[in-house]
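Below, each chain spelled out in residue letters.
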Amino acid sequence: MWDIIACWPSARIGEVVTITCPDYFSYFSDEHKGNLSKTCTADGWTEMHPIDIAMNCGYNLNSTSDDGKFFWQVKIGYTIGHSVSLIFLTTAIVILCIFRKLHCTRNYIHMHLFVSFILKAIAVFIKDVVLYEVGEVDNCSSGSVGCKVVIVFFQYCIMASFFWLLVEGLYLHALLAVSFFSERKYFWAYILIGWGGPTIFITAWSITKAYYNDVGCWDIIEKTDVFWWIIKTPILASILVNFILFICIIRILRQKINCPDIGRNESNQYSRLAKSTLLLIPLFGINFIVFAFIPEQVKTELRLVFDLILGSFQGFVVAVLYCFLNGEVQGEIKRKWRRWHLQRYMGSDTKYQHPSIGSSNNFSTQITMLTRCSPKTRRASSSCHDDLSSI
């Protein structure tokens, strides 16, 4: 029977059942200790006062006088973060899709990364509705299939976002380290890594949970749950590989910048790439190494703020760095804006001048030639082929 605190096994009348305090009490107190006892009577289990439960399990009443306000504030914080990220990521995908000159392998990888963070934000919203608004009635029996599907989808989206960050690191390293490589051939390999890798591990985790630990809604991760490492290990491995790639990228950039054979313009390109690489540190997930190997119950409040609130704005940072601050994207938007203004001016001007067909065609031809010969237009048209200067 589930009594909102713990799960109690069946017992005979008059039998006293003693269980250890649930593991989640360790999140509220470093001095996690004690047991809980109930007696089975003809009228049911004996009741336990909440204060007695708190004292037995090391729950410090003085240090938790906020009555859950901190956790509610955390929930509001990451909801705002994922909402902002969702808006900016969606806008970034629209921009990269509608401008044909931005269609290249690098931006295709960016769009897949954006989609992974969009799915992550959607999964968080769905999980909150299912777990917190609908609620879990009985944590002793297995949860509903729909609830488990939501948790599986949530875990898949989290892992996919990490794997696509890994793909970004692999592509940037290949761009610098490999002299000649087929971007189209590598792109399909990146897709298999970004979407196929999480599919394999999440499927393995779901099967093992269903057969060996089918309890609740699969949302509570206990310290004794060895199957959780099926998800945690690939994520930690992707973070570690990205850290190694980051060191290699910095080393390659330093060699290229200090090389006496390169020209000034090429040196400036590598310098800009080095600065942008420093901004990619939080995107590569290197910052998650700080809490990767620390037990879950240590510095819980700091971990919640760091992982949930700051992590929810990661999609926003990705969209800003890879799209809105991208010189290639800004140049294309400005070019389209100038062309729209020019067409609007020409359309309003022809209403009053009524030029002949010959003069209109001649004027349009001159405008077209001026547009083609413009240095800014020439720079924008070749921007997708210059990978180093616009990352």
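Rules used in this analysis
Residues numbered from 1 in each chain as written. Predicted model: local features only at pLDDT ≥ 70, side-chain atom pairs only at ≥ 80, totals over all residues. Heavy atoms only, no water. UniProt positions renumbered as here; feature names shortened; annotations may be inferred. Helix = DSSP H or I, 4+ residues; strand = E, 2+ residues; numbered from the N terminus. Buried < 20%, exposed > 50% of the residue type's maximum accessible area, 1.4 Å probe, protein only. Contact = heavy atoms within 4.5 Å. Areas by Shrake-Rupley, 256 points an atom, 1.4 Å probe, with all protein chains shown as cover. Phe/Tyr/Trp six-rings, centres within 6.5 Å; stacked < 30°, edge-to-face > 60°. Lys NZ or Arg CZ within 6 Å of the ring centre and 35° of its normal. Core = buried A, V, L, I, M, F, W, Y, C linked by side-chain atoms within 4.5 Å. Expected span 1.5 Å × (residues − 1). Bend = angle between axes of the 7 residues up to and from the residue. Pairing = 2+ DSSP bridges. Axes fitted to C-alpha atoms, helices over the stretch in contact; angles between N-to-C directions. Parallel < 35°, antiparallel > 145°, perpendicular 65-115°, else oblique. Left-handed = near helix turned anticlockwise from the far one by under 90°. Nonpolar A, V, L, I, M, F, W, Y, C, P; charged D, E, K, R; others polar. pLDDT = per-residue confidence, 0-100.

If you check an unreviewed UniProt entry, the protein appears there as G-protein coupled receptors family 2 profile 2 domain-containing protein from Perca fluviatilis. UniProt annotates the protein under Sequence similarities (unreviewed entry) with the comment "Belongs to the G-protein coupled receptor 2 family."

J.: Please give an account of the overall build of the protein that cites residues and values.
T.: The helix and strand tally for the protein stands at 14 helices and three strands. Across the 391 residues in the protein, those meeting the buried criterion constitute 39%. Counting contacts in the protein only where the partners sit at least 6 residues apart, residues at least 24 apart contribute 73% of the total. Counting only carbon and sulfur atoms, one obtains 64% of the accessible surface of the protein, whose full area is about 22600 Å².

J.: Lay out the packing of aromatic side chains with the relevant residues and their values.
T.: This model, assessed by the stated rule, comprises twelve aromatic pairs. The interplanar angle of 85 degrees and the centroid separation of 6.2 Å between the aromatic rings of Y171 and Y190 together place this pair among those described as edge-to-face. Taken together, the positions of Y171 in helix α4 (residues 145–177) and Y190 in helix α5 (residues 183–212) put the pair 19 residues apart, joining distant regions of the chain. In this structure Y190 comes out as buried when scored by relative accessible area, which is 5%. Centre to centre, the rings of W337 and W340 are 5.5 Å apart; their planes meet at 35 degrees, and the pair counts as tilted. Taken together, the residues W337 and W340, both in helix α11 (residues 327–353) and three residues apart, mark about one turn of the helix. Among the aromatic side chains, those forming a connected cluster through ring pairs are F88, F316 and F324. When the ring centre of F154 is taken as origin, the NZ or CZ atom of K127, which lies over that ring, is 5.0 Å away. Across the ring face of W229, the terminal group of K232 is positioned such that the distance to the ring centre comes to 5.0 Å.

J.: With reference to specific residues and values, describe the nonpolar core.
T.: I109, L113, F114, W164, W205, I231 and I235 are the most contacted members of the largest nonpolar core, which has 55 residues in total. It is α4 that contributes the most residues to this core, 17 residues altogether. Setting aside residues no more than four positions away along its own chain, W205 makes contact with I151, V152, Q155, W218, F227, W228, I230 and I231.

J.: Describe α5, naming the residues involved and giving the relevant values.
T.: Spanning 30 residues, α5 covers 43 Å between terminal C-alpha atoms, matching the ideal 44 Å at 1.5 Å per step. At G196, α5 shows its largest kink, close to 35 degrees, and the proline P198 lies no more than four residues downstream. Within the span of α5, buried status applies to F187, Y190, I191, G194, W195, G197, P198, I202, W205, S206, T208 and K209.

J.: Break down the sheet that holds strand β2 (residues 35–41) for me, citing the residues and quoting the values.
T.: Taken in spatial order, the three strands line up as β1-β2-β3 in an open sheet, and their pairing is antiparallel. Each edge of the sheet is formed by a strand with only one pairing partner; in this case those strands are β1 (16–20) and β3 (44–45). Here β2 runs beside β3; their pairing, made up of two bridges, is antiparallel. Of the residues in β3, the one forming a bridge with T41 is G44.

J.: Tell me about the packing of helix α2 (residues 69–98) against helix α10 (residues 314–324), and please be specific about residues and values.
T.: Relative to each other, α2 and α10 sit at 25 degrees, their axes nearing to 7 Å. The angle between α2 and α10 falls in the class roughly parallel. In this structure, α2 meets α10 at a crossing whose hand is left-handed. Side by side, α2 and α10 meet where V84, S85, F88, L89, T91, A92 and I95 of the first sit next to Q314, G315, F316, A319, V320, C323 and F324 of the second. By residue class, the composition of the contact of α2 with α10 is ten nonpolar, four polar and no charged.

J.: Could you give an account of the confidence of the model for the protein, naming the residues involved and the relevant values?
T.: Averaged over all residues, the pLDDT of the protein equals 75, while 66% of them reach at least 70. Below a pLDDT of 50 lies the segment residues 354–383, which in the model reaches 17 contacts outside its immediate sequence neighbourhood of four places, other chains included. Low confidence marks residues 385–391, where pLDDT is under 50. Its contacts with residues over four positions away, or in another chain, come to 21 contacts.

J.: So what's going on with the side chain of S312? Which residues, and what values?
T.: Mapped onto the elements of the fold, S312 is located in helix α9 (residues 300–312). On the basis of relative accessibility, which here comes to 2%, the residue S312 falls in the buried class. Ignoring anything within four residues of it in the chain, the contact list for S312 reads G77, Y78, G81, H82, S85 and D307.

J.: Outline the pairing of β1, listing residues and values.
T.: Side chains V17 and I19 of β1 all project onto a buried face; the interleaved residues V16, T18 and T20 project onto a face where none is buried. Examined bridge by bridge, β1 and β2 share five bridges and lie antiparallel to one another. Bridging from a neighbouring strand, V17 pairs with K38 of β2.

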